[in-house]
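Listed below are the residues making up each chain.
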Amino acid sequence: MKPRYQNRTEILQGTLDMLILQTLQWGPRHGYALSKAIRTNSGEILKVDTGSLYPALHRLERRGWIAAEWKASEIGPRLRVYRLTKSGSRQLLSERSRWERLTAAIAGIMNPAGKESAS
Amino acid sequence: MKFSFWRRTQRNKELVEEMQAHLALAEREAVESGQSPKDAQAAAHKEFGNVGLTAEVTRDAWGWNWLVELLQDIRYGVRNMLRTPGFALVTVLTLALGIGANTAIFSVVDAVLFRALPYHHAGRLVWATNFASEQKQTLVFADEYAGWRTQNHVFENIAAYSPAAEYTLTGTGSPQRLSGAQVTASFLNVLGVMPQLGRNFLPEEDRPAGPKAVLLSNGVWRSNFGADRNVVGRVVALDDT
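In every chain, residue numbers begin from 1 and rise along the written sequence. Starting at A for chains and at 1 for ligands, labels are handed out in the order in which the entities are written. This being a predicted model, a pLDDT of at least 70 is required before a residue's local features are given, and a value of 80 or more before pairs of side-chain atoms are given or counted; all residues contribute to the totals for chains, interfaces and linings.

Break down the environment of Pro 175 of chain B for me, citing the residues and quoting the values.
All names here are of chain B. Its location among the elements puts Pro 175 in the loop between strand S3 (165-170) and strand S4 (176-180). Remark: C-beta atoms are placed from the backbone, and a residue is labelled buried if 20 or more other C-beta atoms sit within 10 Å of its own, exposed if 12 or fewer do, or partly exposed between those counts. For Pro 175, a count of 12 C-beta atoms within 10 Å translates into the label exposed. C-alpha of Pro 175 to C-alpha of Ala 237: the two residues are 62 residues apart in sequence and 9.8 Å apart in space. If we skip the residues at most four places from it in the chain, Pro 175 touches Thr 168, Leu 169 and Thr 170. To qualify as a helix, a DSSP run of H or I must reach at least 4 residues; to qualify as a strand, a run of E must reach at least 2; elements of each kind are numbered from the N terminus. Each residue is represented by a C-beta atom placed from its backbone, and any two residues with such atoms within 7 Å are regarded as in contact.

Can you tell me about the interface of chain B and chain A, naming the residues and giving the values?
Opposite the 21 residues of chain B that make contact, chain A presents 19 residues. Those elements that place two or more of their residues in the side of chain B that touches chain A are helix H1 (4-32) and helix H3 (51-62) of chain B. Tallying contributions element by element places H1 of chain B first for the side of chain B that touches chain A, with 10 residues.

Account for the packing of helix H3 (residues 50-63) of chain A against H3 of chain B, with residues named and values stated.
At their nearest, the axes of H3 of chain A and H3 of chain B sit 8 Å apart, and the two run at 20° to each other. Taken together, the axes of H3 of chain A and H3 of chain B lie roughly parallel to each other. H3 of chain A and H3 of chain B meet at a crossing whose hand is right-handed. In this structure, H3 of chain A uses Thr 50, Gly 51, Tyr 54, Pro 55, His 58, Arg 59 and Arg 62 of chain A to contact H3 of chain B, whose residues at the interface are Leu 53, Thr 54, Val 57, Thr 58, Asp 60, Ala 61 and Trp 62 of chain B. The axes are straight lines fitted to the C-alpha atoms, using for helices just the contacting stretch, and the angles between their N-to-C directions are given from 0 to 180°. When an angle is under 35 degrees it counts as roughly parallel; over 145 it counts as roughly antiparallel; between 65 and 115 it counts as roughly perpendicular; any other value is oblique. By convention the crossing between two helices is left-handed if the near helix lies anticlockwise of the far one by an angle smaller than a right angle, and right-handed if it lies clockwise.

Requested: an account of the pairing of strand S3 (residues 79-84) of chain A, with residues and values cited.
Residue and element names in this part refer to chain A. For two strands to pair, DSSP has to find at least two bridges joining them. Where strand S1 (residues 29-30) meets S3, two bridges bridge the pair, whose relative direction is antiparallel. In the strand pairing of S3, His 30 is matched with Val 81. When strand S2 (residues 66-71) meets S3, the two strands line up antiparallel, connected through six bridges. Following the sheet pairing, Ala 67 is matched in S3 by Arg 83.

Let's hear about the confidence of the model for chain A: which residues, and what values?
Residues with a pLDDT of 70 or more make up 85% of chain A, whose mean pLDDT is 85. pLDDT is a residue-level measure of predictor confidence that goes from 0 to 100. Below a pLDDT of 50 lies the segment residues 1-6 of chain A, which in the model reaches two contacts outside its immediate sequence neighbourhood of four places, other chains included.

Outline unusual backbone geometry, supporting the account with residue identities and numerical values.
At Glu 44 of chain A, a residue that is not glycine, the phi angle is positive and equals roughly 65°. Positionally, Glu 44 of chain A belongs in the loop between helix H2 (31-41) and H3. What makes Glu 44 of chain A exposed here is the crowd of 10 C-beta atoms within 10 Å. In this structure, Lys 136 of chain B is a non-glycine residue whose phi angle is positive, near 55°. With respect to the helices and strands, Lys 136 of chain B occurs in the loop between strand S1 (131-132) and strand S2 (137-138).

Describe the environment of Ala 88 of chain B, listing the residues and the values that go with them.
All names here are of chain B. You can see Ala 88 is positioned in helix H5 (residues 85-114). Ala 88 sits in the partly exposed class, given 15 other C-beta atoms within 10 Å. Once the C-alpha coordinates of Ala 88 and Val 78 are considered, the two residues, 10 residues apart in sequence, prove to be 9.6 Å apart.

Dropping the structure here:
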């Protein structure tokens, strides 16, 4: 139903949280800057849908992995700026290792020769 | 003190502000890259997608926290009250008495001032009396009433009644204490009501030492006479005590 951009790839289910936490590692950002950073850092391949980004941000905030703060801006409305918390950093580490295990497992299936040499 | 519900409406406002900021930033960037303000606004909205839907799914992410917090607030309140039971009791009693007194006063005010009497032309009913300043009570003597009646050219009709008194009813099982009042024959006419059963008082029953007649209230008719429709004309024994 929703219009999709043909030339962009949807973010893989379950990885958006990790991408947000990872991006916030480089400093506090508001929602718009976050979506831009993810797009730019992925070489314009990954596009974050706002309908996924804001629910994710609020969910992460509720879990205590990120914290939000209002900052005044020159554009009119205030900006809600998110930063990574201590428990957010720990969560990022565990999600990263889970991601690495997953990609290694998928690589093993896609490339059986590599799996044999690894085991 | 926290009020989860109000905080939720506050958060709703903040969510709208957050998304407006997103749109404003996207718009400004499009303008800076050379688009006309109108195109920039359209592009920002297209890129963002459905604002209402995004707000809705974001609110879903808040979960049932507000309900959990409300329950926490209630538990916190109850615990605090139990910690200082004396104070809590005084507070509850103060509120209870305050609310109760207000309700009682308003019930009277409502009945006396606001609600019309349940009679036809209630607005034309008037209560007139003498006031005996020595005895500090309202008082109209029978001969005065007779004078008012004969000289009346103000009112359509006049009736008088004695204050409600207690009577003993005998002859219908065990003796019963009933409250009743003596009224003049015109009483029901003035109020504009008629007996459901039997007849109204007759003029000759209005004279001193005239025949005595009794009208039963619906309550007494049901409780003491078994709602008997043949009760009309029966002689009842009433002792005034």
